[in-house]
Amino acid sequence: MANPRSFPRFKGWLLPGLALACLLALPPVAQALGQPALVTLVTRMMILGLAASALNIALGMGGLISLGHAAFYGIGGYAVGILTTHAAAGAPFLGFIPGSDSLALNLLAALVASGVAAAIIGALALRTSGIQFIMITLAFAQMVFFLFVALKAYGGDDGMSFRRRNGLLDFNMRDDATFFYVSLGVLSLWLALSARLLHSRFGLLLGGIRQSERRMQAIGVNTFAMRWLAFVLSGMGAGLAGALMANLGRFVSPDLMHWTQSGEMLIMVVLGGAGTIFGPVLGAFALIGLETLLASWTEHWQIFLGPLLVLMALTFRGGLARLWRKGDAS
Amino acid sequence: MALVLEQLLNGIQFGVMLFLLAAGLTLVFGIMGVINLAHGSLYMVGAYAAALGAKLTGSFLLAIPCGLVAAGLAGMALEYIVVRRLYARDHLDQVLATFGLILFFNQAIILLFGRQPMFVQIPPLLSGALDLGLFAYPVYRLCIILAGLACAGGLFLLIQRTRLGMLVRAGATHRDMVQALGVDIRLLYTILFGLGAVLAGFAGLMAGPLLSVQVGMGEQILILTFVVVVIGGLGSVAGAFWGALLVGLVDTSLRAFLPQILRALMNGSEADALAGGISAMGVYLVMALVLLVRPKGLFPAYG
């Protein structure tokens, strides 16, 4: 968020530790309560939390309001979908890239693919700023969306499904609880990395650029390169989330990169608290939880969600992450 | 040759529609500094109100004021209730609030009209084709082109030659000064927002007979409108006009001609797939190109 105030940091790791313990205990508890669907729901929340946390690198740390991160999320998903179907068919992708059904390799491929896309789109979009940047990221995401709609070889409009989740070591990935733990592991790793990033030299430079680009330029920082790097890292994280999401449902479609997906990611970040480490994840849990709750009451839940978002934008500052640490927000 | 000219006219017709949307969007941004994602919803409101009016009265002529009034009122209500509070906020809050408005509008339309698209007949008076010598062109589309050009001219006169336009221009650069001189700037902004909404609603009601009137129609064209505004230069009405024509022509001609050109070079199914992909991406590639050469757009409004 383009907000010159200091951004909150979590002094203690107590609450996150507690949250991790709860998540670790969730699959057996859900099993005992006879609510196995809860495991899949929370896996989805964690994956979207990863996407929101990735967007937060551009938005919260870099002050770049991207309304096009669904493109990177979708590209990550399609990297998995395409490689997995090619592995099943035994034919290399583009004639020379062999297919793969290993989770580690496919996540790597998703990182590379979404990183390359973010590098190209970022280099163009960062030539502008402000409202134009918002519009351009949205427009490029729409371009990628239409590209995948036109790719009839990979399902076009309907998307494509694959039979099995990608394999990791000897784990039984068919089991939803196993996949839950894998996703939790990836999310934890990502959050640890972004905490390092936030306090690194790069993170501090980004904070400086967000507050005053001219001053940072004056002390010799290549602000364009820094912003571009933040955008690329952010896009790669979104791609990683997309790759996990593709595995969760064993299905990818252009819906992954629908522009409303970008909007939802933005909402998660702001709802949870832009610029914080755990805020975006919290925001993802809150938004998906709210959507699931409203959807269980009425099919027309968006008629409530819409005005709620308006209210949130008009009144709510700083996000959920600030609520329990009001004291040291200065 | 006739085919090429016909497609060019189609492109201009599409461009004119885009201009009606882009003009409102670019004015609201240029003068109030607000990004309004819900602009497409006003287009949808205009289309639905006109479709309903046409269904109830059986006359397209009576449906036109229905669409214009509904879109204008919706726009002014929107400004009064929500957008007014966003002027001083940063763009992120504006994006979130107007995104919420889109969800609300779409769901409200689903509640009122259902998910089934509505179809509007072209009015019998305009349903024929006009012989232009080389080829015959639908009268209705010609009317859209003329109406759009008339709107563009009217808007230019309004902004450059009238007292209201003068206040609007003054309010954009020196808001406090205009207010100190006794002008109710909040009312002025509400009127201006309503004007943008009426233009969007006009585009929506004219699109009704050509496309199906359905939920989500606003967002599809909204994103193209963003492309137009970025190409033209944010805040510039002239830029919106030329940008809209460029986007309309490029999009229409790529879709019309590229498949045939590629089919001459490679085999049928591959050519169709490639042409589909390129023409879907075409206008965005044009935008990328413009950004490389002129990051502020073709007609930057400020320096």
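Thresholds, definitions, all that
- Residues numbered from 1 in each chain as written.
- Chains lettered and ligands numbered in written order.
- Predicted model: local features only at pLDDT ≥ 70, side-chain atom pairs only at ≥ 80, totals over all residues.
- Heavy atoms only, no water.
- Helix = DSSP H or I, 4+ residues; strand = E, 2+ residues; numbered from the N terminus.
- Rg over C-alpha atoms; globule rule 2.2 N^0.38 Å.
- Buried < 20%, exposed > 50% of the residue type's maximum accessible area, 1.4 Å probe, protein only.
- Contact = heavy atoms within 4.5 Å.
- Areas by Shrake-Rupley, 256 points an atom, 1.4 Å probe, with all protein chains shown as cover.
- Lys, Arg positive; Asp, Glu negative; His and termini not counted.
- Charge placed at Lys NZ, Arg CZ, Asp CG, Glu CD.
- Domains from an automatic or database assignment.
- Buried area = accessible area lost by both parts, 1.4 Å probe.
- Salt bridge = Lys/Arg side-chain N within 4 Å of Asp/Glu carboxyl O.
- Polar contact = N/O pair within 3.5 Å; in protein donor to acceptor, adjacent residues only side chain to side chain.
- Axes fitted to C-alpha atoms, helices over the stretch in contact; angles between N-to-C directions.
- Parallel < 35°, antiparallel > 145°, perpendicular 65-115°, else oblique.
- Expected span 1.5 Å × (residues − 1).
- Arc of directions from axis to C-beta.
- Core = buried A, V, L, I, M, F, W, Y, C linked by side-chain atoms within 4.5 Å.
- Disulfide = S-S within 2.5 Å.

Draft legend 1. Geometry of the overall build of chain B. Each helix and strand counted, chain B has 11 helices and two strands in total. Here the C-alpha radius of gyration of chain B, 20 Å, is about what a compact globule of 303 residues would show, namely 19 Å. Every one of the 303 residues in chain B was classed for burial, and the buried ones make up 54%. Counted over contacts in chain B with a minimum sequence separation of 6, partners at least 24 positions apart contribute 78%. Here chain B has roughly 12800 Å² of accessible surface; of this, 69% comes from carbon and sulfur atoms. Measuring between centres, the 15 positive side-chain charges of chain B sit 9 Å from its 11 negative side-chain charges.

Draft legend 2. Representation of the domain arrangement of chain B in the model. Residue and element names in this part refer to chain B. Split by domain assignment, chain B resolves into domain 1 (23-120 + 138-215) and domain 2 (216-303). Centre-to-centre, using C-alpha coordinates, domain 1 lies 23 Å away from domain 2. Contacts between the two partners involve 24 residues from domain 1, matched on the other side by 17 residues from domain 2. Between domain 1 and domain 2, a total of about 1600 Å² is buried, with carbon and sulfur atoms accounting for 77% of that surface. Taken as a group, Leu-25, Thr-26 and Tyr-43 account for 32% of the area that domain 1 buries against domain 2, more than any other trio of residues on that side. Counting across the domain 1 and domain 2 interface gives zero salt bridges. Linking domain 1 with domain 2 are four residue pairs in polar contact (both at pLDDT 80 or more), by the criterion used here. Every element with two or more residues in the side of domain 1 that touches domain 2 is listed here: α1 (2-32), α2 (39-57), α4 (91-113) and α5 (139-161).

Draft legend 3. Inspection of unusual backbone geometry at higher detail. Notably, Arg-250 of chain A is not glycine yet its phi reads approximately 50°, a positive angle. Among the secondary structure elements, Arg-250 of chain A is positioned in the loop between α9 (223-249) and β2 (251-252).

Draft legend 4. Highlighting the packing of helix α6 (residues 176-199) of chain A against α9 of chain A. All names here are of chain A. Put simply, α6 and α9 touch, their axes get as near as 11 Å, and they point 175° apart. One finds that α6 runs roughly antiparallel with respect to α9. In this structure, α6 uses Phe-179, Val-186, Trp-190 and Leu-197 to contact α9, whose residues at the interface are Leu-233, Gly-237, Leu-240, Leu-244, Asn-247 and Leu-248.

Draft legend 5. Spatial organisation of the side chain of Ser-253 of chain A. Structurally, Ser-253 of chain A can be placed in the loop between β2 and α10 (259-272). When near neighbours in sequence (up to four residues on either side) are disregarded, Ser-253 of chain A contacts Tyr-78, Asp-158 and Gly-159 of chain A.

Draft legend 6. Looking closely at helix α3 (residues 60-81) of chain B. Residues and elements named next belong to chain B. Its 22 residues place the ends of α3 31 Å apart at the C-alpha level, agreeing with the 32 Å of an ideal helix rising 1.5 Å per residue. Taken residue by residue, α3 has Phe-60, Ala-63, Gly-67, Ala-71, Gly-72, Ala-74, Gly-75, Leu-78 and Glu-79 as its buried positions. End-on view of α3: buried residues confined to an arc of 165°, all on one side of the axis. Facing away from the buried side of α3, by more than 90 degrees, are the exposed residues Leu-61, Leu-73, Tyr-80 and Ile-81. Buried positions along α3 lie against α2, α4, α5 and α8 (185-207). Its side-chain oxygen 3.2 Å from the backbone nitrogen of Leu-61, Ser-59 forms the N-cap of α3.

Draft legend 7. Looking closely at the nonpolar core. Formed by 207 residues in total, the largest nonpolar core has its most connected members in Tyr-73, Met-135 and Leu-266 of chain A together with Phe-19, Met-32, Leu-37 and Met-287 of chain B. The element contributing the most residues to this core is helix α2 (residues 37-61) of chain A, with 15 residues. Each of two domains, domain 1 (23-120 + 138-215) and domain 2 (216-303) of chain B, supplies a minimum of three residues to this core. Beyond its immediate stretch of four places on either side in the chain, Leu-266 of chain A contacts Leu-55, Leu-59, Ile-65, Ser-66 and Leu-67 of chain A together with Leu-92, Val-95 and Leu-96 of chain B.

Draft legend 8. Fine view of the state of the cysteines. All names here are of chain B. For the coordinates displayed, the defined rule picks out zero disulfides over all chains. No disulfide involves Cys-66; its sulfur sits 18 Å from that of Cys-151, the nearest cysteine. You can call Cys-66 partly exposed: its relative accessible area is 33%. Cys-151 provides the cysteine sulfur closest to Cys-143, a residue in no disulfide bond, and the two sulfurs are 13 Å apart.

Draft legend 9. Representation of α1 of chain B in the model. Residues and elements named next belong to chain B. A rise of 1.5 Å per residue sets the reference length of α1, with its 31 residues, at 45 Å; its end C-alpha atoms lie 44 Å apart and thus fit the reference within 8%. Of all 31 residues making up α1, 23 are buried, and the element is well covered by its neighbours. Directly beyond the C-terminal end of α1, a positive phi value near 70° is found at Gly-33.

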